[in-house]
Amino acid sequence: MTFDLQYNSERTKLIIPEYGRHIQQLVNHCVELPTQEERNTMAKAIIDVMGNLQPHLRDVPDFKHKLWDQLHIMSDFKLDVESPYEQPSKEELREKPKSLPYPKSASKYRFYGTNIQTMIDIVLTWEEGEKKEALVYTIANHMKKCYLNWNKDNVDDEVIFQHLFELSDAKIDYRGKEDELVDTKSLLRSRGAAQGKKKQTNNKHNKNRKK
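Residues numbered from 1 in each chain as written. Predicted model: local features only at pLDDT ≥ 70, side-chain atom pairs only at ≥ 80, totals over all residues. Heavy atoms only, no water.

Enquirer: Can you walk me through the overall build of the protein chain in this structure?
Expert: Scanning the protein chain from terminus to terminus reveals eight helices and zero strands. Ordered by position from the N terminus, the helices and strands of the protein chain form the series α-α-α-α-α-α-α-α. Taking all 211 residues of the protein chain together, the buried fraction comes to 31%. Sequence separation of at least 24 residues holds for 51% of the intrachain contacts in the protein chain that already meet a minimum separation of 6. Carbon and sulfur atoms make up 50% of the accessible area of the protein chain, which totals about 15,900 Å². (Helix = DSSP H or I, 4+ residues; strand = E, 2+ residues; numbered from the N terminus. Buried < 20%, exposed > 50% of the residue type's maximum accessible area, 1.4 Å probe, protein only. Contact = heavy atoms within 4.5 Å. Areas by Shrake-Rupley, 256 points an atom, 1.4 Å probe, with all protein chains shown as cover.)

Written as structure tokens, this is what we have:
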């Protein structure tokens, strides 16, 4: 007995493999139909089948538009039909996206995170007064808390104010001020209480799952 087997490696490469070879063959056949009326009818039928094969696209905005774009791509942009949407071009498909700028981190003090730098940039736009000073101390206390998450031993307030001075490009100088930040023990105690509460919640969820 002899078998006439055809391997995928011997077949033409699928443009969008997710739809399978049968859909690709239907698209190829649709391209070769002689009249536009026949092509329009078959193209709409192919779109319906493609929608059934990709049900997750129904949750995507303008999913019909996406299906029509894929139909044109699978036809190598040779399909001449009356599409309800503008036909894409090869140039648009091959166009490279614009490179995104690399996110800037908070200088060498990465343990503070980018939100601290954003808060510092915002407070610099405020007018001088009690509100600005209160926000600066709030930022400094949060910086101290972040520092203790990175270094559990201790941290002097002057270190925090020095870092704040550097991160603000020397525009916020609270070095040598008599006012003190929140006590280290209080910050560590509040962090421990939060972690203990989170642990209790996780244990409760685990017990409920076992039940």
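Enquirer: Help me understand helix H7 (residues 157-167), please; the structure alone is not making it clear to me.
Expert: Because an α-helix completes one turn every 3.6 residues, residues spaced three or four positions apart along the sequence face the same direction. Those residues of H7 not exposed but buried are Asp 157, Ile 160, Phe 161, His 163, Leu 164, Phe 165 and Leu 167. Of the surrounding elements, those touching the buried residues of H7 are helix H5 (114-123) and helix H6 (130-150). You can read the cap of H7 off the contacts: a side-chain oxygen lies 3.0 Å from the backbone nitrogen of Glu 158, and it is on Asp 156. One or two positions beyond H7, positive phi appears at Asp 169, with a value near 55°. (Polar contact = N/O pair within 3.5 Å; in protein donor to acceptor, adjacent residues only side chain to side chain.)

Enquirer: Hey, could you run me through the packing of aromatic side chains in this one?
Expert: To describe a pair of aromatic rings, one takes the distance between the centres and the angle between the planes. Tallied over the full model, the rule gives seven aromatic pairs. Relative to Tyr 147, the ring of Phe 111 lies with its centre 5.5 Å away and its plane at 85°, an arrangement referred to as edge-to-face. With Phe 111 in the loop between helix H4 (90-94) and H5 and Tyr 147 in helix H6, this residue pair connects regions lying 36 residues apart in the sequence. Assessed through its relative accessible area of 23%, Phe 111 is described here as partly exposed. On the accessibility criterion, Tyr 147 (12% relative accessible area) is buried. (Phe/Tyr/Trp six-rings, centres within 6.5 Å; stacked < 30°, edge-to-face > 60°.)

Enquirer: I keep staring at H5 and nothing clicks. Help me out?
Expert: Inspection of H5 places Ile 116, Gln 117, Ile 120 and Val 123 among the buried residues, and these make up the whole buried set. When H5 is viewed along its axis, its buried side chains cluster within an angular range of 125° and face the same direction. Elements that come into contact with the buried residues of H5 comprise H6 and H7. (Arc of directions from axis to C-beta.)

That is the geometry; function is a separate question.
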